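So the chains spell out like this:
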Amino acid sequence: MKVVIQRTTEASVTIENKIAGQIENGLVVLIGIEETDNDEDIEWLTRKLSNLRIFSDEIGSMNLSIQDIQGAFLVVSQFTLHAKTKKGNRPSFIHAAKPETAIPLYEKFKKVLAAVSGCKVESGEFGADMKVSLVNDGPVTIIIDTKNKE
């Protein structure tokens, strides 16, 4: 699993002119699922996101987790995170999981994230044409790949 997370003060995802998910302080999680992802990736990533200290404390240092600030997650499926661009000008998405694999993992990820973090989890809709709007606070943007846990 590969995610791009952005710290936000407000964010929403809109599908067909209707807000599907909306949060205030928290993290927007753009998640790309690949064919080799499994429950182990979900467990590791949900713990990492729940405990990552990237929110400012009273002196402005990034020292608080999303749990500490009682924030929320906005999770949006994003298969394009697995784009391969080495050859040619058209990206290849060969490593992105097919819907029959990705949808159950995406749904489980959201449930486990809520359970592990104790935070509200809002989301878009897998495979939908979505419009994501956010105020990137900081800006803080971080990429995490469960296949590269360095």
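Here the structure is a predicted model, which is why all the values come from computation and not from measurement.

**Q** Can you lay out the packing of aromatic side chains for me, pointing to particular residues and giving the numbers?
**A** Taken as a whole and assessed by the stated rule, the structure comprises 2 aromatic pairs. When the centroid spacing of 5.0 Å and the interplanar angle of 70° are considered together, the rings of Phe 79 and Phe 93 count as edge-to-face. Here Phe 79, found in the loop between strand 6 (72-77) and helix 2 (99-117), pairs with Phe 93, found in the loop between strand 6 and helix 2; they are 14 residues apart in sequence, far enough to count as distant. Here the aromatic rings of Tyr 106 and Phe 126 are separated by 5.7 Å at their centres, their planes lie at 55°, and the arrangement is tilted. Pair noted here: Tyr 106 is in helix 2 and Phe 126 is in the loop between strand 7 (120-123) and strand 8 (130-145), with a separation of 20 residues, a long-range link. With a relative accessible area of 0%, Tyr 106 lands in the buried category.

**Q** So, helix 2: which residues are in play, and what are the values?
**A** Taking 1.5 Å of rise per residue, 19 residues should cover 27 Å, and helix 2 covers 26 Å from first to last C-alpha, within 8% of that figure. The complete set of buried residues in helix 2 reads Ala 102, Leu 105, Tyr 106, Phe 109, Lys 110, Val 112, Leu 113 and Ser 117. Residues of helix 2 that are buried make contact with strand 3 (26-32), helix 1 (39-51), strand 6 and strand 7.

**Q** Give me the packing of helix 1 against helix 2: which residues, what numbers.
**A** Relative orientation of the contacting elements helix 1 and helix 2 amounts to 40°, with a least axis distance of 9 Å. As judged from the angle between their axes, helix 1 and helix 2 are oblique. Seen from above, helix 1 lies across helix 2 with right-handed handedness. The residues of helix 2 that touch helix 1, namely those facing Asp 39, Ile 42, Glu 43, Leu 45, Thr 46, Arg 47, Leu 49 and Ser 50, are Leu 105, Lys 108, Phe 109, Val 112, Leu 113, Val 116 and Ser 117. When grouped by side-chain class, the residues that make up the contact of helix 1 with helix 2 number 8 nonpolar, 3 polar and 4 charged.

About the cut-offs
Residues numbered from 1 in each chain as written. Predicted model: local features only at pLDDT ≥ 70, side-chain atom pairs only at ≥ 80, totals over all residues. Heavy atoms only, no water. Phe/Tyr/Trp six-rings, centres within 6.5 Å; stacked < 30°, edge-to-face > 60°. Helix = DSSP H or I, 4+ residues; strand = E, 2+ residues; numbered from the N terminus. Buried < 20%, exposed > 50% of the residue type's maximum accessible area, 1.4 Å probe, protein only. Expected span 1.5 Å × (residues − 1). Contact = heavy atoms within 4.5 Å. Axes fitted to C-alpha atoms, helices over the stretch in contact; angles between N-to-C directions. Parallel < 35°, antiparallel > 145°, perpendicular 65-115°, else oblique. Left-handed = near helix turned anticlockwise from the far one by under 90°. Nonpolar A, V, L, I, M, F, W, Y, C, P; charged D, E, K, R; others polar.

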